[in-house]
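Geometric and topological summary
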Amino acid sequence: MPVTDETTTNGGRSPVAKVFTHMTMSLDGFIASPKDEIGELFEWYEAGGVDVPDPNETVDSQVDDAGAQVMGELTANCGALVAGRRLFDIADGWGDKHPVGAPVVVVTHRAPEDAATKWPTTTFVDGVEAAIVRAKEIAGDQDVTIASAAITQQALDLGLVDEVCVSLVPVLFGEGIPYFAKLARGHLLLEDPVVVQGRRALHLRYPVRR
């Protein structure tokens, strides 16, 4: 497995806190259909016999060994998660318990009127840069995860992402919502990936070249 000089023996994690993105993506680059349907993208969450503990009791994952390794690496050191308002609304705020097990920071121009009572552990911030700053404050010495395509694209443009993570699924959607779209800053070079071959997904982690 290729590694970078930042990789340690602690599950492949760097001791330095990072801002990274992670989404499950079709082979042709989409994270959902045009109607926000995920289709076969999350089959890898049910592709094995390893039960992954989840703070959200409504979520049940039975992944393979590779999937369990990847999920552990992505969540064990996660101190805060940044999401867009659109995804937040679709998921109904994950019941204020995101499966990653960390507080959520939502990028939005206006917080829901019932935010304080319905989502007391969720923070609503106007602007991507401000949201990531707030997420870092919440996370402390832990990582910040970005889990929305539009927020990922803006954060990459702002130079705020340390690592891009993709769980690549063997399906072609043909159209839909892209993980990556045209970047305002244009060309962006990544380092060689760390690769984990799983069942129904190939997991890739690309450090952003500085």
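Residues numbered from 1 in each chain as written. Predicted model: local features only at pLDDT ≥ 70, side-chain atom pairs only at ≥ 80, totals over all residues. Heavy atoms only, no water.

**Describing the overall build of the chain**
Looking only at helices and strands, one finds five helices and 12 strands in the chain. Residues classed as buried in the chain amount to 47% of the 210 residues present. For the chain, the share of sequence-separated contacts (at least 6 apart) that also reach a separation of at least 24 residues comes to 66%. Element-wise, carbon and sulfur atoms account for 53% of the exposed surface of the chain, whose accessible area totals about 10,800 Å². (Helix = DSSP H or I, 4+ residues; strand = E, 2+ residues; numbered from the N terminus. Buried < 20%, exposed > 50% of the residue type's maximum accessible area, 1.4 Å probe, protein only. Contact = heavy atoms within 4.5 Å. Areas by Shrake-Rupley, 256 points an atom, 1.4 Å probe, with all protein chains shown as cover.)

**With respect to unusual backbone geometry**
Despite not being glycine, Asp92 has its phi angle at roughly 50°, a positive value. By the secondary structure assignment, Asp92 is in the loop between helix 2 (85-90) and strand 6 (104-107). With a relative accessible area of 42%, Asp92 lands in the partly exposed category.

**Here's the deal with the packing of aromatic side chains**
All told, the structure shown has six aromatic pairs when counted by the stated rule. Centre to centre, the rings of Phe42 and Tyr45 are 5.0 Å apart; their planes meet at 80°, and the pair counts as edge-to-face. Arranged with centres 4.9 Å apart and planes meeting at 65°, the rings of Phe88 and Trp119 form a pair that is edge-to-face. In this pair, Phe88 sits in helix 2 while Trp119 sits in the loop between helix 3 (115-118) and strand 7 (123-125), placing the two residues 31 residues apart along the sequence. (Phe/Tyr/Trp six-rings, centres within 6.5 Å; stacked < 30°, edge-to-face > 60°.)

**Describing the sheet that holds strand 7**
Strand order in the open sheet made by the eight strands is 7-6-5-8-1-9-12-11, with mixed pairing throughout. Of all strands in the sheet, those with a lone pairing partner are strand 7 and strand 11 (194-198), marking the two edges. Across the sheet, the mean angle from the axis of one strand to that of its neighbour is 20°, orientation sign disregarded. In this sheet, strand 12 (residues 201-207) lies alongside strand 11 in antiparallel orientation, the contact comprising five bridges. (Pairing = 2+ DSSP bridges. Axes fitted to C-alpha atoms, helices over the stretch in contact; angles between N-to-C directions.)

**Some thoughts on the confidence of the model for the chain**
Averaged over the chain, the pLDDT score is 88; the fraction of residues at 70 or greater is 89%. Here residues 1-14 scores under 50 on pLDDT; set against residues more than four positions off or in separate chains, the count is 28 contacts. (pLDDT = per-residue confidence, 0-100.)

**Describing empty space enclosed by the protein**
Counted under the stated rule, the structure contains two cavities of 30 Å³ or more. Considered as a void within the structure, the largest cavity measures approximately 70 Å³ in volume. For the lining of the largest cavity, the secondary-structure elements that each account for two or more residues are helix 1 (65-75), strand 9 (163-169), strand 11 and strand 12. Of the residues in the lining of the largest cavity, the class split is seven nonpolar, three polar and two charged. (1 Å grid on protein atoms, 1.4 Å probe; cavity = no way out; pocket = protein on both sides within 12 Å on 5 of 7 lines; lining within 4 Å. Points joined across faces, edges and corners; volume = space filled by probe spheres on them. Nonpolar A, V, L, I, M, F, W, Y, C, P; charged D, E, K, R; others polar.)

**Considering the environment of Val133**
Looking at where Val133 falls in the secondary structure, it is placed in helix 4 (residues 128-139). Assessed through its relative accessible area of 45%, Val133 is described here as partly exposed. On a C-alpha basis, the gap between Val133 and Val144 in space is 9.8 Å, while along the polypeptide they are 11 residues apart.

**Things to note about the pattern of salt bridges**
On inspection of all chains with the given rule, the structure shows 10 salt bridges. Put simply, Glu163 and Lys18 hold a salt bridge, and the shortest N to O gap is 2.9 Å. Note that Glu163 is positioned in strand 9 and Lys18 in the segment before strand 1 (19-26), a separation of 145 residues in sequence. Lys18 matches Glu163 in its accessibility class, with the two residues each being buried. Here Asp92 ties to Lys118 by a salt bridge, and the two come within 3.5 Å at their closest N and O atoms. Of this pair, Asp92 sits in the loop between helix 2 and strand 6 while Lys118 sits in helix 3; the two residues are 26 residues apart in sequence, bridging distant segments of the chain. (Salt bridge = Lys/Arg side-chain N within 4 Å of Asp/Glu carboxyl O.)

**Some remarks on the environment of Ala111**
You can see Ala111 is positioned in the loop between strand 6 and helix 3. According to the relative accessible area criterion, Ala111 is partly exposed, its value standing at 36%. Distance from Ala111 to Thr123, taken between C-alpha atoms, is 8.7 Å for residues 12 residues apart in sequence.

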